[in-house]
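Below are the chains, spelled out letter by letter.
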Amino acid sequence: MASVTFNETQKAAIVSLLIEMINADHEVDDSECAVFDTICVEYGICEDTFNVGRALKGIVAVNIMKNMSDIQKITTAQLLTRVIDADAKDDDREIMLFNTICKITGVDVLVNARDGGEE
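Model, not experiment: these values are computed from the prediction.

Attention now goes to the nonpolar core. Leu17, Leu18, Ile39, Leu80, Val83 and Phe98 are the most contacted members of the largest nonpolar core, which totals 30 residues. If you list the elements that add at least two residues to this core, you get α1 (8-23), α2 (30-42), α4 (58-66), α5 (70-86) and α6 (92-105). Of the residues forming this core, the biggest block, seven residues, is contributed by α1. Apart from the residues lying within four places of it in its own chain, the contact partners of Ile39 are Leu18, Leu79, Arg82 and Val83.

This next bit is on α1. The end-to-end C-alpha distance of α1, which contains 16 residues, comes to 23 Å, matching closely the 22 Å that a straight helix rising 1.5 Å per residue would cover. Regarding α1, the residues found buried are Gln10, Lys11, Ala12, Ala13, Ile14, Val15, Ser16, Leu17, Leu18, Met21 and Ile22. Tucked inside the fold, the buried residues of α1 contact α2, α3 (47-55), α4, α5 and α6. Taking the backbone nitrogen of Thr9 as reference, a side-chain oxygen 3.0 Å away marks Asn7 as the first, capping residue of α1.

Structurally, Asp91 is set in the loop between α5 and α6. There is a polar contact of 2.9 Å between the side chain of Asp91 and the backbone nitrogen of Arg93.

Moving on to the packing of aromatic side chains. By the definition in use, this model includes two aromatic pairs. Ring centres of Phe36 and Phe50 lie 6.0 Å apart, and the angle between their planes is 70°; this geometry places the pair in the edge-to-face category. In this pair, Phe36 sits in helix α2 while Phe50 sits in helix α3, placing the two residues 14 residues apart along the sequence. Taking relative accessible area as the criterion, Phe50 reaches 24% and is therefore assigned partly exposed.

The next point concerns the pattern of salt bridges. All chains considered together, the criterion is met by four salt bridges. In this structure, the salt-bridge partner of Lys11 is Glu8, at a minimum N-O distance of 3.2 Å. Separated by three residues within a single helix, Lys11 and Glu8 lie in helix α1, roughly one turn from each other. Take Glu8: its relative accessible area is 40%, and that puts it in the partly exposed class. Measuring nitrogen to oxygen at the nearest pair gives 3.1 Å for the salt bridge that ties Arg93 to Asp91. A residue is classified by how much of its surface remains accessible, and Arg93, at 38% relative accessible area, is partly exposed. A relative accessible area of 13% means that Asp91 is categorised as buried.

Rules used throughout
Residues numbered from 1 in each chain as written. Predicted model: local features only at pLDDT ≥ 70, side-chain atom pairs only at ≥ 80, totals over all residues. Heavy atoms only, no water. Core = buried A, V, L, I, M, F, W, Y, C linked by side-chain atoms within 4.5 Å. Buried < 20%, exposed > 50% of the residue type's maximum accessible area, 1.4 Å probe, protein only. Helix = DSSP H or I, 4+ residues; strand = E, 2+ residues; numbered from the N terminus. Contact = heavy atoms within 4.5 Å. Expected span 1.5 Å × (residues − 1). Polar contact = N/O pair within 3.5 Å; in protein donor to acceptor, adjacent residues only side chain to side chain. Phe/Tyr/Trp six-rings, centres within 6.5 Å; stacked < 30°, edge-to-face > 60°. Salt bridge = Lys/Arg side-chain N within 4 Å of Asp/Glu carboxyl O.

What follows is the structure in structure tokens.
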């Protein structure tokens, strides 16, 4: 079970962001879907929350993530990287989406500060 907890609204945002990431390269890979399913189980995402997340617009999901705690933001970014890495392909659209999400939500600053780096 996951060590960081999320409320149902946050879980719906995660679902939305993960779906956006899966679709970013316009190719839905079975390995990405398998990772997505595993994440849903790990975080106890029920069918109702999944359906809310599936219908949630990406920008709304990013705004929900923006209001998460620092550890929740970092965890969500880690979940996104799991989907990116699932198909073992480097895709510029996935990386661009990931970087945009991290910049808007402040994850890039959090990770940089945690690593002791400077911008």
